[in-house]
Amino acid sequence: MADEIVNVNEYQVLARQALPKMYYDFYAGGAEDEHTLKENVQAFQRIIFLPRVLVDVSNVALSTTILGYNISAPIMIAPTAMHKLAHPEGELATARAAAKSNTIMILSFSASCTVEEVAASCDAVRFFQLYVYKRRDIAVNLVQRAEKSGYKAIVLTADTPRLGRREADIKNKLIVPQLKNLEGLMSMEVVSDKGSNLEAYANETMDPSLCWRDIAWLKSITNLPILIKGILTREDATKAMEIGAAGIIVSNHGARQLDYTPATISVLEEVVQAVGGKVPVFLDGGVRRGTDIFKALALGAQAVLVGRPVVFGLAAKGEAGVKKVMQMLKDELELTMALAGCPSVKDINRSHVRTERQRLQ
Ligand code: FNR
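From a predicted model like this one, the values you see are computed outputs, not experimental measurements.

All chains considered together, the criterion is met by 15 salt bridges. For E319, the salt bridge goes to K100, with nearest N and O atoms at 2.5 Å. Residue E319 is found in helix α13 (residues 308–340), and its partner K100 is found in helix α4 (residues 90–100); the two are separated by 219 residues along the sequence. Of the residues examined, K100 reaches a relative accessible area of 55% and is grouped as exposed. Between R289 and E332 there is a salt bridge, with the nearest N and O atoms lying 2.9 Å from each other. You can see R289 sitting in the loop between β10 (281–284) and α12 (290–298) and its partner E332 sitting in helix α13, a full 43 residues away along the chain. On the basis of relative accessible area, E332 is assigned to the buried category, the value being 16%.

Put into C-alpha cells, the structure is as follows:
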C-alpha cells in the first residue's frame, strides 16, 4: 500500500498486519454468517444523493451539539472493548485522540483502562457504556465511579443479554485479559478451556433478565442522562421514550450479536419517526465514509458513532491513527456537504438522499 492513507478502510489492512490473528479477528468479526456485518456497510452504498447546486458553500460548518456539548462534527467514538489488545496505550490513546479531535468518546464497560485513568488522561467529553451483570452491585459501582469522574451520560447497551456467537473467536479460543474496571470487584478467571473464553465469561456474568422495568432502577442510581444503545425497531424506540431515555442509539452492535438483523441505516428512518424529535437519535454500524455520515444525518440521526475504524486506526498508529481516522471522516463529510449544497449540518435533510425503498416505489 502507498505510504499515504487516503481512507479509513486502509487502516483495516494495516491493523491486520499489526495484530495477532486472534485479536484482529476479535475486532473485525461479526456473528455467525456475518450477513449483517456486510449489510451494515452495503446498505449505505444503496442510498444515493440528490445534491443541490448553486448554493454558497464557501464555508462549510461541521460542528454540532450533543446533549448540550459542542463537538467539532457529528461523529463520536463508539464504545469498543479492550483497546490494549490493539495498542499498548489502549483507551488512553483513544481518549487523547478524541480530545484533540474535539469529539465525544464513549468508554466501554469492558475497557482495558479504568474510568478514572481515562478521565485523568484527557478533557474530552466522555460518556460511559454500561453492561448490567447479574451482580447489580457492579453496575452501581461503575455508574457511580463514572459520574464522579465527570462522565456526562450513561449508555446502556441493551442488545446483549448473552453474547452473540462469533465463530472466529470460538475457533481461535479467544482469551481476553482481566477487565480493568472490574479489578478488585470480580476476577475474570478462565471459565472454559473450550471455544471463546469471552463468550463463556459473558454468558456467566451478563444478566439476561434485564428488562424495561429495570431502567427505573438504573435511573435511581444516577443523575446522568441515560442513552439506550441497540434499538432497531419503532416499538422499542417508543418504549425507550416512555421510560424516559435521553437518547437512542440505533445499533446492532456492529453485527456482533444477532445475525440477520437489518443494517442500521435501513431502519433509522422508522426509529426517527417513532421518536418524533423528542430525544436525539444516533446511529452506528458500518460507517466508513463521510458520505455515510451525511446519509445518516439526512435520514434523521443527530450524529453517528464509529467503532471498528477507530480500533483499526489505534492498532496501526496509536493515538495518531485514531486522530487521522476522525480527520478523514470529517474531511470527507465536509466535502460531501459542499458537493450536496449544505453549508451546515442543519441544512442536511431528507430531500438530499434517495433510499432503495424509494427507488423501488
Ligand atoms: C464493539 N461494540 C461494543 N458495544 C458496546 O456497547 N460495548 C462494548 O464493549 C463493545 N465492544 C465492541 C468491541 C468491538 C471489537 C467491536 C467491533 C464492537 C459495538 C460498538 O459499540 C458499535 O456498536 C459497533 O462497533 C459499530 O459498528 P462499526 O462502526 O464497528 O461497524
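Now for the site of the ligand. P79, S108, T157, D284 and R288 are the nearest of the 22 residues found near the ligand. The separation between an oxygen atom of the ligand and a polar main-chain atom of G286 is 2.9 Å. The contact in question runs from an oxygen atom of the ligand to an N or O atom on the backbone of R308, over 2.9 Å. Its free accessible area being 600 Å², the ligand has 98% of it covered by the protein chains. Taken together, the residues that form the shell around the ligand break down as seven nonpolar, ten polar and five charged.

Given a rise of 1.5 Å per residue, 13 residues ought to cover 18 Å, and the 18 Å separating the end C-alpha atoms of helix α6 (residues 136–148) matches this to within 8%. Of all the residues in α6, the buried ones are I138, A139, L142, V143, R145 and A146. Angularly, the buried residues of α6 cover 165° about the axis, an arc narrow enough to put them on a single face. The elements touched by buried residues of α6 are α5 (115–121), β6 (126–130), β7 (154–157) and α9 (214–220).

Another point: the environment of H352. By the secondary structure assignment, H352 is in the loop between α13 and β12 (353–354). Spatially, the C-alpha atom of H352 lies 46 Å from that of I175, the residues being 177 residues apart in sequence. When residues no more than four places from it in sequence are discounted, the contact partners of H352 are I48, F49, L50, R52, F294, A340, C342 and D347.

A few words on the pairing of strand β8 (residues 226–231). Within β8, six of the six residues are buried, which leaves the element mostly enclosed by the surrounding structure. Pairing analysis gives four bridges linking β8 to strand β9 (residues 247–250), with the strands arranged parallel. Considered in β9, the bridge of K229 is made with I249. Once the chain exits β8 it traverses helix α10 (residues 234–242) before rejoining the sheet at β9, and the crossover so formed is right-handed.

We now examine the nonpolar core. Judged by nonpolar contacts, the single largest core of 110 residues is most densely connected at F128, L130, Y133 and L283. At 13 residues, α13 tops the list of elements feeding residues into this core. Listed in part, the 16 residues of the second largest apolar core include I71, I104, I106 and A153.

The N-to-C vectors of α10 and helix α11 (residues 264–275) enclose an angle of 35°; their axes lie 8 Å apart at closest approach. Handedness of the crossing formed by α10 with α11: right-handed. Of α11, the residues touching α10 (which contributes R234, A237, T238 and M241) are E270, V271, A274 and V275. Within the contact of α10 with α11, the residues separate by chemical class into five nonpolar, one polar and two charged.

Conventions adopted
- Residues numbered from 1 in each chain as written.
- Predicted model: local features only at pLDDT ≥ 70, side-chain atom pairs only at ≥ 80, totals over all residues.
- Heavy atoms only, no water.
- Salt bridge = Lys/Arg side-chain N within 4 Å of Asp/Glu carboxyl O.
- Helix = DSSP H or I, 4+ residues; strand = E, 2+ residues; numbered from the N terminus.
- Buried < 20%, exposed > 50% of the residue type's maximum accessible area, 1.4 Å probe, protein only.
- Near = heavy atom within 4 Å.
- Polar contact = N/O pair within 3.5 Å; in protein donor to acceptor, adjacent residues only side chain to side chain.
- Areas by Shrake-Rupley, 256 points an atom, 1.4 Å probe, with all protein chains shown as cover.
- Nonpolar A, V, L, I, M, F, W, Y, C, P; charged D, E, K, R; others polar.
- Expected span 1.5 Å × (residues − 1).
- Arc of directions from axis to C-beta.
- Contact = heavy atoms within 4.5 Å.
- Pairing = 2+ DSSP bridges.
- Right-handed = clockwise from strand over helix to strand, strands pointing away.
- Core = buried A, V, L, I, M, F, W, Y, C linked by side-chain atoms within 4.5 Å.
- Axes fitted to C-alpha atoms, helices over the stretch in contact; angles between N-to-C directions.
- Left-handed = near helix turned anticlockwise from the far one by under 90°.

Interpretation in functional terms is not warranted from these geometric data alone.
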